[in-house]
Amino acid sequence: MALREINSKMVEATVTPGQRLFSQRGAMLAYRGEVSFTPNTTGGQGGLMSMVGRRVAGEATPLMTVEGSGTVLFGHGGHHVQVIALTGDTLCVEADRLLAFEGTLEQGTMFLGSQGGVMGMVRGQVTGQGLFTTTLKGHGAVAVMAHGGVLEIPITPQRPVHVDPQAYVAHHGDVRNKLSTALGWRDMVGRGSGEAFQLELSGSGAVYVQASEEKL
């Protein structure tokens, strides 16, 4: 695995010839060896359409392509970082929470709350959360950022998990997601997130939740 946690705020990436990493712009703290950093304009393995999809979703977070031979320290804004290892499954994560990921992963875009129907779309817009999320699929490591630490909560067929949309960081596994609210339309007007809005995750997998609702 090319990424490992150094402490709660930094990860170290091992860069080897012929292998690429992608990182959020401005996330490089220090490096050793012969390493190059170039702006990424194709959206990783997802290609141009992946980048277009992210721009439509308002998630055009700039990425840097990292290549060469050496080691790099990544961190951003003093945020908590968490490394997640993927073994063939798909991780869904908000683009602005991506710190770095291995180039072996295929990047795409997914509509968050797609199983929620039309009302799910409306409710998602009211929460102020992005309706789209970045997907990373395959074998490799991903470093994500959050406020105040990250907790991994298992999702099982017998026990779905309900998450405040603004506390949501990422999820993976065979999971269905649905945006819902416990309030009527009149009650929703003028409100932010909180208990009025819920992201229901059901199936088999895990969801990562941050300790603070503050946006990155």
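Residues numbered from 1 in each chain as written. Predicted model: local features only at pLDDT ≥ 70, side-chain atom pairs only at ≥ 80, totals over all residues. Heavy atoms only, no water.

**Overview of the overall build of the protein chain**
Just so we agree on the cut-off: Helix numbers and strand numbers start at the N terminus; a helix is a DSSP run of H or I with at least 4 residues, a strand a run of E with at least 2. The cut-offs for exposure are 20% and 50% of the maximum accessible area for each residue type, with area from a 1.4 Å probe on protein chains only; residues under the lower value are buried, those over the upper are exposed, and the others partly exposed. Working rule for contacts: check all heavy atoms of both residues, and any pair within 4.5 Å makes them a contact. Shrake-Rupley sampling with a 1.4 Å probe provides the accessible areas, and residues are treated as covered by the protein chains on show and by no other component.
The secondary structure content of the protein chain amounts to 3 helices and 13 strands. Buried positions account for 49% of the 216 residues belonging to the protein chain. Across the protein chain, the fraction of contacts at a sequence separation of at least 24, relative to all contacts at a separation of at least 6, is 84%. When the accessible surface of the protein chain is split by element, carbon and sulfur atoms take 52% of a total near 10000 Å².

**Remarks on the environment of Leu21**
Along the chain, Leu21 turns up in strand E3 (residues 21–24). The class of Leu21 is buried, set by a relative accessible area of 4%. As a C-alpha pair, Leu21 and Thr104 span 83 residues in sequence and 8.3 Å in three-dimensional space. With residues near it in sequence (within four places) discarded, Leu21 still touches Ala2, Ala13, Thr14, Val15, Met64, Thr65, Val66, Phe101, Glu102 and Gly103.

**Considering the environment of Leu86**
As for its position among the elements, Leu86 is in strand E6 (residues 80–93). We classify Leu86 as buried; its relative accessible area is 4%. For the pair Leu86 and Gly140, spaced 54 residues apart in the sequence, the C-alpha separation amounts to 5.3 Å. Residues in contact with Leu86, not counting those within four places in the same chain, are Leu91, Leu105, Leu136, Gly138, His139, Gly140 and Val142.

**Notes on the pairing of strand E2 (residues 10–15)**
Note the cut-off: Between any two strands, pairing holds if DSSP finds at least two bridges.
Bridge count between strand E1 (residues 3–7) and E2: 4 bridges; the pairing is antiparallel. Each bridged residue has a counterpart across the sheet, and for Glu5 the counterpart in E2 is Val11.

**Considerations on the pattern of salt bridges**
Note the following rule: The term salt bridge refers to a pairing of a side-chain nitrogen on Lys or Arg with a carboxyl oxygen on Asp or Glu at a separation within 4 Å.
For the structure on display, the rule yields 2 salt bridges. Where Glu12 meets Arg4, a salt bridge forms, and the shortest distance between an N and an O atom there is 3.1 Å. Arg32 is the salt-bridge partner of Glu12, the closest N and O atoms lying 3.6 Å from each other. Taken together, the positions of Glu12 in strand E2 and Arg32 in strand E4 (residues 28–40) put the pair 20 residues apart, joining distant regions of the chain. Note on Arg32: relative accessible area 55%, which makes it exposed.

**Here's the deal with the nonpolar core**
Just so we agree on the cut-off: Nonpolar cores were defined as sets of buried Ala, Val, Leu, Ile, Met, Phe, Trp, Tyr and Cys residues, with membership established by side-chain atoms within 4.5 Å.
Judged by nonpolar contacts, the single largest core of 18 residues is most densely connected at Leu3, Val11, Val66, Phe74 and Leu99. With near-sequence residues (within four places) excluded, Val66 lies in contact with Val15, Gln19, Arg20, Leu21, Ser23, Val35, Ser36, Phe37, Val72 and Phe74. Counting 17 residues, the second largest nonpolar core, distinct from the first, contains Leu91, Phe101, Leu136 and Val169.

**A few points about the confidence of the model for the protein chain**
The condition that has to hold: pLDDT: the predictor's confidence for each residue, scored from 0 to 100.
Across the protein chain, pLDDT averages 79, with 70% of residues at or above 70. Note that residues 46–59 has pLDDT below 50 and, in this model, 27 contacts with residues that lie over four places away or in other chains. Overall, residues 115–130 carries pLDDT values under 50, and its contacts beyond four positions in sequence, including any with other chains, amount to 31 contacts.

**Description of the environment of Gln210**
So the rule is basically this: Think of a polar contact as two N or O atoms within 3.5 Å of one another; within protein, one of them needs to be a possible hydrogen donor and the other a possible acceptor, and neighboring residues in sequence only count if both atoms come from side chains.
Along the chain, the position of Gln210 falls in strand E13 (residues 197–210). The class for Gln210 is buried, based on a relative accessible area of 4%. Residues Gln210 and Tyr168, 42 residues apart in the sequence, show an inter-C-alpha distance of 6.5 Å. What Gln210 contacts, discounting residues up to four positions off in sequence, is Arg97, Ala146, His147, Gly149, Gln166, Ala167 and Val169. Of note is the side chain of Gln210, whose polar atom sits 2.9 Å from the backbone nitrogen of His147. At 3.1 Å, the side chain of Gln210 forms a polar contact with the backbone oxygen of Gln166.

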